[in-house]
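Observations on the model geometry
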Amino acid sequence: KQETTWADSDHNSITVFKSDTATIVLIGIHKNAELKEHTAIGNISVQVLDGEINFFAEQQTFALGKGQMITLEANIPHSVTALKESFFLLTLVINK
């Protein structure tokens, strides 16, 4: 929260681990901010550390709160909207 990027934009991310097959990213997102629809090149998991988000995938909405997690296979379009200021861990695993 101390970073200028957090104050100046609707979200911020910090990569906490990266290898050839896995990446873990801490993402913070302000209330009502959206990560627009996109896809991932590998399987992902999203674990909410604090706050509440709506995770949209395959024409469904999944409401996730602190401590909850969702997984998704590669190449499936998805998006995220924060219902309040939220922080989550995104884990990306690429099968090689």
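Structural data are supplied above this passage.
A brief look at the structure comes next.

Definitions and limits used
Each residue is numbered by its place in its chain's sequence as written, counting from 1. Totals for whole chains, interfaces and linings use every residue, but because this is a predicted model, local features are given only for residues with pLDDT of at least 70 and side-chain atom pairs only at 80 or more, for both listing and counting. Hydrogens and waters are ignored; side-chain quantities use all the structure's heavy atoms. What makes a salt bridge here is a side-chain nitrogen of Lys or Arg within 4 Å of a carboxyl oxygen of Asp or Glu, nothing more. The rule is simple: take the accessible area with a 1.4 Å probe, protein chains only, and divide by the maximum for that residue type; under 20% is buried, over 50% is exposed, in between is partly exposed. Helix and strand definitions follow DSSP, with helices as H or I runs of at least four residues and strands as E runs of at least two, each counted in order from the N terminus. Here the nonpolar core consists of buried residues drawn from Ala, Val, Leu, Ile, Met, Phe, Trp, Tyr and Cys, with membership extended through side-chain atoms lying within 4.5 Å. Should any heavy atoms of two residues lie within 4.5 Å, those residues are counted as being in contact. Here, a strand pair is defined by DSSP locating no fewer than two bridges between the strands. Axis lines are fitted through C-alpha atoms, for helices just across the contact stretch, and the angle between N-to-C directions can take any value from 0 to 180 degrees. The patches reported here contain residues having more than 30% relative accessible area and no salt bridge. Joining distances are 9 Å for like charges and 5 Å for nonpolar side chains (Val, Leu, Ile, Met, Phe, Trp, Tyr). Accessible surface area values rest on a Shrake-Rupley calculation with a 1.4 Å probe, where residue burial reflects the displayed protein chains alone.

1. Quick word on the pattern of salt bridges
When charged atoms on two side chains of opposite charge get close, those side chains can pair. On inspection of all chains with the given rule, the structure shows two salt bridges. When the shortest N-O distance is used, the salt bridge between glutamate 34 and lysine 36 registers 3.7 Å. Since its relative accessible area comes to 62%, lysine 36 is described here as exposed. In this structure, lysine 84 and glutamate 52 form a salt bridge, with 3.4 Å as the shortest nitrogen-oxygen distance. Pair noted here: lysine 84 is in the loop between strand S8 (78-82) and strand S9 (86-93) and glutamate 52 is in strand S5 (residues 52-57), with a separation of 32 residues, a long-range link. For lysine 84, a relative accessible area of 40% gives the class partly exposed.

2. As for the nonpolar core
Counting residues in each nonpolar core, the largest one holds 20 residues, and the members touching the most others are Ile44, Val46, Ile53, Phe55 and Phe88. Breaking this core down by element, the ones donating at least two residues are strand S2 (22-29), strand S4 (43-50), S5, strand S7 (69-72), S8 and S9. The residues touching phenylalanine 55, leaving out its near neighbours within four places in the chain, are Ile44, Val46, Gln60, Thr61, Phe62, Leu64, Ile70, Leu72, His78, Ser79 and Val80.

3. As for the sheet that holds S7
Strands sit in the order S1-S2-S9-S4-S7 across an open sheet of five strands; the sheet is antiparallel. The open sheet has two edge strands, strand S1 (11-18) and S7, and neither has a second partner. The mean inter-strand angle of the sheet, taken between neighbouring strand axes irrespective of direction, is 20°. Bridge count for S4 against S9 is seven bridges, and the pairing is antiparallel.

4. Describing a nonpolar patch on the surface
Taken together, the side chains of Ile14, Val16 and Phe17 define a hydrophobic patch exposed on the protein surface, amounting to about 260 Å² of accessible area. Classification of isoleucine 14 as partly exposed rests on a relative accessible area of 37%.

5. Focus: the sheet that holds S5
Taking strand neighbours across the sheet as the criterion, the four strands line up as S3-S8-S5-S6 in an open arrangement whose pairing is antiparallel. The open sheet has two free edges, formed respectively by strand S3 (34-38) and strand S6 (60-65), since each of these has just one partner strand. When strand polarity is set aside, the average angle formed by the axes of neighbouring strands in this sheet is 20°. Inspection of the sheet shows S3 paired to S8 by three bridges, in the antiparallel sense. By the bridge assignment for S8, glutamate 34 is matched with threonine 81.

6. Some points on the pairing of S1
Bridge analysis of S1 against S2 gives seven bridges, and the strand direction is antiparallel. Looking at the pairing, histidine 11 lines up with isoleucine 29 of S2.

7. A closer look at the environment of asparagine 95
With respect to the secondary-structure elements, asparagine 95 resides in the segment after S9. Between the C-alpha atom of asparagine 95 and that of alanine 22, which follows or precedes it by 73 residues, the distance is 8.9 Å.

In short, shape yes, function no, at least from these values alone.
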